[in-house]
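Notes for the structure review
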Amino acid sequence: MVSQEEMQPEGAKQALKLNLGCGKVIRDGWVNHDIMPGPGVDVIYDLETCGIEPFPLPDDSVDEIHASHLIEHIDRVLPFMQEMWRVAKNDCTFELKLPFGATDMAWADPTHKRPFFIRSFDYFQQPFYNFADYGYRGDWGTDEVTFLIPRSVAGSNTADELMHRINTERNLVAEMQVNLIAFKPMRPNDRALMTIPKVNLNIV
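Attention in this report is confined to the structure presented alongside it. (Residues numbered from 1 in each chain as written. Predicted model: local features only at pLDDT ≥ 70, side-chain atom pairs only at ≥ 80, totals over all residues. Heavy atoms only, no water.)

Sheet architecture is open: eight strands sit in the order 3-2-1-4-5-7-6-8, paired in mixed fashion. Sheet topology places strand 3 (43-44) and strand 8 (198-203) at the edges, where each strand pairs with a single neighbour. Bridge analysis of strand 2 (residues 31-34) against strand 3 gives two bridges, and the strand direction is parallel. By the bridge assignment, D34 is partnered in strand 3 with I44. The strands touched by helix 2 (residues 77-87) within the sheet are strand 1 (17-20), strand 4 (62-68), strand 5 (88-98), strand 6 (140-149) and strand 7 (175-182), with strand 5 carrying the most contacts at an inclination of about 140°. Contacts from helix 5 (residues 159-168) reach strand 6 and strand 8, with the element oriented near 95° to strand 8. (Pairing = 2+ DSSP bridges. Helix = DSSP H or I, 4+ residues; strand = E, 2+ residues; numbered from the N terminus. Contact = heavy atoms within 4.5 Å. Axes fitted to C-alpha atoms, helices over the stretch in contact; angles between N-to-C directions.)

This brings us to the pairing of strand 5. Pairing geometry for strand 4 and strand 5, over six bridges, is parallel. For E64, the partnering residue across the bridge sits in strand 5 and is T93. A crossover connection joins strand 4 to the parallel strand 5 through helix 2; in handedness this β-α-β unit is right-handed. Two elements, strand 5 and strand 7, share six bridges in a ladder whose sense is antiparallel. The residue bridging K97 from the neighbouring strand is Q177, located in strand 7. (Right-handed = clockwise from strand over helix to strand, strands pointing away.)

Before going further, it helps to spend a moment on the nonpolar core. Grouped together as the largest cluster of nonpolar side chains are 49 residues, with contacts concentrated most on L20, L47, F80, M81, M84, F94 and W140. Taken together, the elements giving at least two residues each to this core come down to strand 1, strand 4, helix 2, strand 5, strand 6, helix 5 and strand 7. For this core, the element with the highest residue contribution is helix 2, accounting for six residues. Not counting the four nearest positions on each side in its chain, M81 is found in contact with I71, F94, F124, Y136, W140 and L180. (Core = buried A, V, L, I, M, F, W, Y, C linked by side-chain atoms within 4.5 Å. Buried < 20%, exposed > 50% of the residue type's maximum accessible area, 1.4 Å probe, protein only.)

Here is the structure:
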């Protein structure tokens, strides 16, 4: 496993930021990861091997993680989230962009493994597990969830009306954006300690 200093690109000496599944979208000042080699890719690693082979960064080394339309492609999602928690520092932020579960886009791509909803992210925080032990050892609290809603379908609905429609209709949300925060050490299995996300409605 390489050191934090070796993995940081030029200009990122103070904070290590990880761009997961970058493809051709290379972020300057970030460690760019993908499963395939390519221009600007710093780390080549199959995220399905999380829990089997360590991601090539040290424990407690990452300040910020970004993943756009990635998590829905991962089959072994709990080992993936546990491994990202391992490399994260306390208070590391993890920004995810993905399709909302109640949209055709959540399943239109045959490489998508599962749909995601707001409550899906409860399974990545340790206080949720007061009922069972899935073997997951990580703790990501959900800070914010933002729904991007096209103006053409939002109409003149109030926020409460839009939330009702999100919970009862299909194909209202263009994209879901989720911000997680790493808790280290892990919190106890006590649901009273769970983070409840702020929900934002962004009309686009």
